[in-house]
Amino acid sequence: MATTTRQDEQTIIGSTITIDGEIDAEGPVMVQGRVVGKLRSAGDVTVDEGGEVEAEVEAETVAVAGRLVGQVEARNRVEITAEGRVTGDLRAPRILIADGAQYKGNIDMG
Amino acid sequence: MAEATGTIGKGIKVRGEITGTGALEVAGEVEGRVALDRLVVHGGGTVAADVQVSELVIAGRAAGQLVASKRLEVRASAQVEGDVRAPSLVVEEGAVFKGRVHMDTGIPEDV
């Protein structure tokens, strides 16, 4: 009965939704709405344009095209695209900040 | 009908408050409080929360105070435990249900 469709494994926090609390994910998470608290994923976290995250974020890769405030730790990569606005400390082996992006905080690529 | 504005996938756990408008589909786990327009708990999905929506469809497991201001559908694969309030209620054969049901139909509470 547990139908495993691809859609089932995807997590999307839509633009009209706010989550205040903790998110623990085995797969990718896409934020188009608002997340406050903690966001952990074994996969990738994407903050879409219009998405707002005020949280501690831990993931494989973190891509921000929206707004993010908080500490970010990525095992692989953090990417802030041109539309992205990020405030907080970043920790990842690879960090990309695109031309036009706004960023404030400390970077640790150790 | 309102399109799915959010999905909590399999293997995802959310603890806290989920609020807003639109529809949310849950194939993972949600614990806390949910206040939206529509909530669908898929088979394999678990919601242990106070739920306040207009339409609630449960095919997985749900526990807590479940309030649907329009309609509640409990599918055959569902397991539901808790207090349920909805003006319109459908429980399919095969569903497991334990708890109180308020349908606000005007039947006196002490019947």
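Chemist: Explain the side chain of A:T11 here, please?
Modeler: Position of A:T11 among the secondary structure elements: in strand β1 (residues 11-13). Given the relative accessible area of 1%, A:T11 is considered buried. For A:T11, the side chain forms a polar contact with the main-chain nitrogen of B:G9, separated by 2.6 Å. When residues no more than four places from it in sequence are discounted, the contact partners of A:T11 are A:P28, A:V29, A:M30, B:T7, B:I8, B:G9 and B:I12.

Chemist: Just to check I follow, could you spell out the confidence of the model for chain A for this structure?
Modeler: Do not read the predicted coordinates in detail wherever pLDDT is low. With 93% of its residues at a pLDDT of at least 70, chain A reaches an overall mean of 92. With pLDDT under 50 throughout, residues 1-5 of chain A is counted as low confidence; its partners more than four residues away or in other chains account for 4 contacts.

Chemist: Would you take a moment to explain a nonpolar patch on the surface for this structure?
Modeler: Judged by side-chain polarity, A:I97, A:I107 and A:M109 come together as a nonpolar surface patch covering roughly 260 Å² of accessible area. Take A:I107: it is sitting in strand β13 (residues 107-108).

Chemist: Which parts of the structure should I look at to understand the interface of chain A and chain B?
Modeler: In many reports, interface size means the accessible area that the parts give up when they come together. Taken together, the contacts link 23 residues of chain A with 24 residues of chain B. In this assembly, chain A packs against chain B so that about 1900 Å² is buried in total across both faces, 49% of it on carbon and sulfur atoms. Seen at the junction of chain A and chain B, the total is 1 salt bridge. Put simply, B:R15 and A:E22 hold a salt bridge, and the shortest N to O gap is 3.1 Å. At the level of elements, β1 and β2 (17-25) of chain A are the ones that each hand at least two residues to the side of chain A that touches chain B. Here the side of chain A that touches chain B gets 9 residues from one element, more than from any other, and that element is β2(A). Where β2(A) meets strand β2 (residues 12-20) of chain B, 9 bridges bridge the pair, whose relative direction is antiparallel. The residue of β2(B) that forms the bridge with A:I17 is B:G20.

Criteria and thresholds
- Residues numbered from 1 in each chain as written.
- Chains lettered and ligands numbered in written order.
- Predicted model: local features only at pLDDT ≥ 70, side-chain atom pairs only at ≥ 80, totals over all residues.
- Heavy atoms only, no water.
- Helix = DSSP H or I, 4+ residues; strand = E, 2+ residues; numbered from the N terminus.
- Buried < 20%, exposed > 50% of the residue type's maximum accessible area, 1.4 Å probe, protein only.
- Polar contact = N/O pair within 3.5 Å; in protein donor to acceptor, adjacent residues only side chain to side chain.
- Contact = heavy atoms within 4.5 Å.
- pLDDT = per-residue confidence, 0-100.
- Patch = residues over 30% accessible without salt bridge, like charges linked within 9 Å, V, L, I, M, F, W, Y side chains within 5 Å.
- Areas by Shrake-Rupley, 256 points an atom, 1.4 Å probe, with all protein chains shown as cover.
- Salt bridge = Lys/Arg side-chain N within 4 Å of Asp/Glu carboxyl O.
- Buried area = accessible area lost by both parts, 1.4 Å probe.
- Pairing = 2+ DSSP bridges.

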